[in-house]
Amino acid sequence: MIKQGNKETAGTAREAMLEALPRVRRFALSLTGNRHDADDLLQNTVERVLDRGVPEQVDVGRWMFKVCKNLWIDELRAHSVRARASASPELAEEPVVSGEAVAFGELELREVDRAMASLPDEQRLVLALVAVEGLTYREAAEVLDTPLGTIMSRLARARASLVSRLQGPRAAAAKQPETSDE
Amino acid sequence: MNDPTFGPDDEALSALLDGELDAAEAASLRRRIDREPELAARFAALEAANDRVRGAYAGVAAEPVPERVHALLDESPRAVDSVVAFAARRERRRFASLPTAHLSMAHLSTAIAAGIALAVGIALGLLLAPRSPAPGAAAALAAAGDVAPGDPLFAALETVPSGAARDVGARISAEPRLTFRTRDGGYCRRMDLTRERDAAVVLACRRDGGWRVEAASFARVDAAAAGEFRPATETPSAVEAAIDAAIEGEPLSADAERALLAGGWPGGR
């Protein structure tokens, strides 16, 4: 059942894990909002997968997403303090760089992350998997143990919220939200 | 959840966006979009929000994975590991300013698979652009780049010793970083191109009387740690991977390099 005993499959699983690391890390960042926590979450994910193995017939990358998701949810429960308000205070933990030095991409990432952080956790998860990681609904349903229909409606709700938060390129700073949806 | 921003067709539009509607549903919704400007605008808005999310995180998957995470998976070092480790050590010793995290295993297979070879013109173009290349740009530009005699880059590759910088025009500074002999008997050089905060790292090899760019990575010089490169593209290790794949033994010593620079490169004109 578990890909651990057999050396050959273990080697393949290890390579598949290595291959998946950058994307799992990105997934972790899209959940945690800062690289420090994302790297910790990634490390915990790898440790957990190494510890418990990967079931056969399962895509290793998607399994890692699943473990990562579970650990993130556990973490959220453990630190409910980290209620991610729209201010998204954890972003302040990012290394402070002078405004000029922050690449456009980094500013954009922060702004989008603030919008992501405003979503309910289950919407953030499905958006991260489908919009960022490019999973199909079926794959996302498998990772999240959620019916397809629920995936579909969470995604739509997530995107609808983002439309009102991310109007136009970098508009959030200049424009008040038109609706108070919180 | 009572969300006033949620429209009645959002679910279908969102699924259309993901290509998750079946053909008949998709066709019928597209017909409605063509007829109903409001629906079209809503679709465009959802798509734009989606694109921003995807775009914002696109480059993250190219960032180096922390070494401590790799270490968890490296419990059984193999030959390839030691080759990579060697290159990393070497780089660290000679060029202490370069981070080595991205020299790790995980990027190797993807980097090699990408087989990236960039025209120098394209590399320079990207350097000249106001910001680092869009994610995917490197992979998309799979054209190989020849550096012909007469190109300032050619002269830099041909004559500038490792560690010395030369201005090649357009405010771009070219600095060869190391020279090595390849397994098939040729020579290659790693060279950094920088323009203010943008940087590209290229691997060029001497072929048929000219230089050919075999691999390129793009980076942005992190002002917070002056002199360091922070990889900013999907294959930050493309160059390192290409070096590891091609190198025979160690990089040339300064003396051996000097002899080559003075005496001419084999491979003729």
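Residues numbered from 1 in each chain as written. Chains lettered and ligands numbered in written order. Predicted model: local features only at pLDDT ≥ 70, side-chain atom pairs only at ≥ 80, totals over all residues. Heavy atoms only, no water.

Visitor: I'd love a proper account of the overall build of chain B, names of residues and values included.
Guide: Secondary structure assignment for chain B yields eleven helices and seven strands. Counting contacts in chain B only where the partners sit at least 6 residues apart, residues at least 24 apart contribute 57% of the total. When the accessible area of chain B is evaluated, it comes to approximately 11,900 Å², of which 55% is carbon and sulfur surface. (Helix = DSSP H or I, 4+ residues; strand = E, 2+ residues; numbered from the N terminus. Contact = heavy atoms within 4.5 Å. Areas by Shrake-Rupley, 256 points an atom, 1.4 Å probe, with all protein chains shown as cover.)

Visitor: Before we move on, could you go through the state of the cysteines and cite the residues and values that matter?
Guide: Residue and element names in this part refer to chain B. What the rule picks out here adds up to one disulfide over all chains. In this model, Cys 188 is linked to Cys 205 through a disulfide, with the two sulfur atoms separated by 2.0 Å. Since a negative S-S torsion denotes a left-handed disulfide, the Cys 188-Cys 205 link at about 105° is right-handed. Of this pair, Cys 188 sits in strand β4 (residues 187-195) while Cys 205 sits in strand β5 (residues 198-207), and the two are 17 residues apart along the sequence. (Disulfide = S-S within 2.5 Å.)

Visitor: I'd love a proper account of the packing of helix α5 (residues 121-132) of chain A against helix α7 (residues 148-165) of chain A, names of residues and values included.
Guide: The description of two packed helices rests on the angle between their axes and on the distance between the axes. Residue and element names in this part refer to chain A. At a minimum axis distance of 9 Å, the contact between α5 and α7 shows a crossing angle of 95°. As the angle between them shows, α5 and α7 are arranged roughly perpendicular. Listed contacts from α7 to Glu 122, Gln 123, Val 126, Leu 127, Val 130 and Ala 131 of α5 are Ile 151, Arg 154, Leu 155, Arg 157, Ala 158, Arg 159, Ser 161 and Leu 162. (Axes fitted to C-alpha atoms, helices over the stretch in contact; angles between N-to-C directions. Parallel < 35°, antiparallel > 145°, perpendicular 65-115°, else oblique.)

Visitor: Any chance you could break down the confidence of the model for chain A for me, citing the residues and the numbers?
Guide: Residue and element names in this part refer to chain A. Per-residue confidence for chain A gives a mean pLDDT of 77, with 71% of residues at or over 70. Ignoring residues within four places in sequence, the model shows residues 80-101, a span with pLDDT below 50, making 32 contacts including any to other chains. Across residues 170-182, confidence stays below pLDDT 50; counting only partners more than four residues off in sequence or on other chains, it has 20 contacts. (pLDDT = per-residue confidence, 0-100.)

Visitor: I'd like to hear about the nonpolar core, residue by residue, with values.
Guide: Within the largest apolar cluster, 67 residues are counted, with the highest numbers of intra-cluster contacts made by Leu 21, Met 64 and Leu 127 of chain A together with Val 53 and Tyr 57 of chain B. Ranked by residues supplied to this core, first place goes to helix α1 (residues 7-32) of chain A with nine residues. Domain assignment of the residues forming this core places at least three in each of domain 1 (1-90) and domain 2 (114-176) of chain A. With residues near it in sequence (within four places) discarded, Met 64 of chain A still touches Met 17, Ala 20, Leu 21, Val 24, Thr 45, Val 46 and Val 49 of chain A. Counting residues in hydrophobic clusters, the runner-up holds 21 residues, among them Leu 157, Val 168, Ile 172 and Trp 265 of chain B. (Core = buried A, V, L, I, M, F, W, Y, C linked by side-chain atoms within 4.5 Å. Buried < 20%, exposed > 50% of the residue type's maximum accessible area, 1.4 Å probe, protein only. Domains from an automatic or database assignment.)

Visitor: Hey, could you go over α5 of chain A for me, with residue numbers and the actual values?
Guide: Residue and element names in this part refer to chain A. Along its twelve residues, α5 runs 15 Å from first to last C-alpha, staying within 8% of the 16 Å computed at 1.5 Å per residue. Along α5, ten of the twelve residues are buried, which leaves the element largely enclosed by surrounding structure. Buried residues of α5: Gln 123, Arg 124, Leu 125, Val 126, Leu 127, Ala 128, Leu 129, Val 130, Ala 131 and Val 132, and no others. (Expected span 1.5 Å × (residues − 1).)

Visitor: Describe unusual backbone geometry, and please don't skip the residues or the numbers.
Guide: Residues other than glycine seldom take positive phi values, yet Asp 145 of chain A does so here, at roughly 50°. Tracing the sequence through the fold places Asp 145 of chain A in the loop between α6 (137-144) and α7.

Visitor: Give a description of the pattern of salt bridges that names residues and reports values.
Guide: Scanning all chains against the criterion turns up 24 salt bridges over all chains. With a closest N to O distance of 2.8 Å, Glu 108 of chain A and Arg 52 of chain B form a salt bridge. Taken as a pair, Glu 108 of chain A in helix α4 (residues 104-117) and Arg 52 of chain B in helix α3 (residues 37-58) lie in two separate chains rather than in one. Taking the relative accessible area as the measure of exposure, Glu 108 of chain A reaches 9% and is therefore buried. Salt-bridge contacts for Arg 32 of chain B lead to Asp 9 of chain B; the nearest nitrogen and oxygen are separated by 3.2 Å. You can see Arg 32 of chain B sitting in helix α2 (residues 23-35) and its partner Asp 9 of chain B sitting in the segment before α1 (10-17), a full 23 residues away along the chain. Here Arg 32 of chain B falls in the partly exposed class, since its relative accessible area comes to 25%. (Salt bridge = Lys/Arg side-chain N within 4 Å of Asp/Glu carboxyl O.)

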